[in-house]
Amino acid sequence: METLKYQVEIEAPAEKVWDVLWNGRTYSQWTHYFSPGSIMKTDWEVGGKTYFTEATGQNGMVSTIERIEEPKLLVFKHLGELKNGVEDINSDQVKDWNGSLEAYHLEENEGKTTLKVEVDVDISYKEMMDNGFNKGLEVVKQLSEK
């Protein structure tokens, strides 16, 4: 596992950036580079369930919120996969990365927000993550600065 880090400076308050990151209307826009039409479903509870899925909602990741301090911090812990609507959190395949974290830090200063993302990944996914986050965070910036 390696922790990849991404950062973008945004000319908007943290509340607006937070909204762009997590509301259903804009979430699928900035995550397009990972999976077109992607969806996040969550109960917004620490220890609850969060699903990151492709457009049909049948395949993706099963996660939980490890920590939340709106609009400053959101940390997800990845638990397993969703395949054809069935959760897998126990197979050997998912145990290799079960417990990996994905954290979003928003630091506001004088109406500008620094968004930092840290994600634990198997190095074989580095190129995909670099592409998704580098392009996706530019979309977050554009949408937040409108």
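Residues numbered from 1 in each chain as written. Predicted model: local features only at pLDDT ≥ 70, side-chain atom pairs only at ≥ 80, totals over all residues. Heavy atoms only, no water.

Asks: What am I meant to see in unusual backbone geometry here?
Replies: Most peptide bonds adopt trans geometry, and most residues besides glycine take a negative phi value. Residue Pro71 is bonded to the preceding Glu70 through a cis peptide linkage, with omega at 0°. The backbone phi angle of Glu110 is positive, close to 55°, even though this residue is not glycine. Within the fold, Glu110 resides in the loop between β7 (101-109) and β8 (112-121). Classification of Glu110 by relative accessible area gives exposed; the value is 77%. (Helix = DSSP H or I, 4+ residues; strand = E, 2+ residues; numbered from the N terminus. Buried < 20%, exposed > 50% of the residue type's maximum accessible area, 1.4 Å probe, protein only.)

Asks: Help me understand the packing of aromatic side chains in this model?
Replies: In this description, a pair of aromatic rings is defined by centroid distance and the angle of the planes. Under the defined criterion, the tally for this structure stands at 12 aromatic pairs. Measuring from centroid to centroid gives 5.5 Å for Trp22 and Phe76, while their planes differ by 70°, and the two rings are edge-to-face. Pair noted here: Trp22 is in helix α1 (residues 14-22) and Phe76 is in strand β5 (residues 73-83), with a separation of 54 residues, a long-range link. For Phe76, a relative accessible area of 0% gives the class buried. Between Tyr104 and Phe133, the ring centres sit 6.5 Å apart and the planes meet at 55°, which makes this aromatic pair tilted. Of the two residues, Tyr104 sits in strand β7 while Phe133 sits in helix α4 (residues 126-144), which places them 29 residues apart along the sequence. Through successive ring pairs, a cluster of aromatic residues spans Tyr6, Trp22, Tyr27, Trp30, Phe34, Phe52, Phe76, Tyr104 and Phe133. (Phe/Tyr/Trp six-rings, centres within 6.5 Å; stacked < 30°, edge-to-face > 60°.)

Asks: Help me understand the packing of α1 against α4, please; the structure alone is not making it clear to me.
Replies: Packed helices, taken two at a time, are described by their axes: the angle between them and the distance between them. Their axes nearest at 9 Å, the elements α1 and α4 cross at an angle of 125°. Comparing their axes, α4 and α1 come out oblique. Here α1 and α4 pass one another in a crossing that is right-handed. Between α1 and α4, the residues in contact are Lys16, Val17, Val20 and Leu21 and Val140, Leu143 and Ser144, respectively. (Axes fitted to C-alpha atoms, helices over the stretch in contact; angles between N-to-C directions. Parallel < 35°, antiparallel > 145°, perpendicular 65-115°, else oblique. Left-handed = near helix turned anticlockwise from the far one by under 90°. Contact = heavy atoms within 4.5 Å.)

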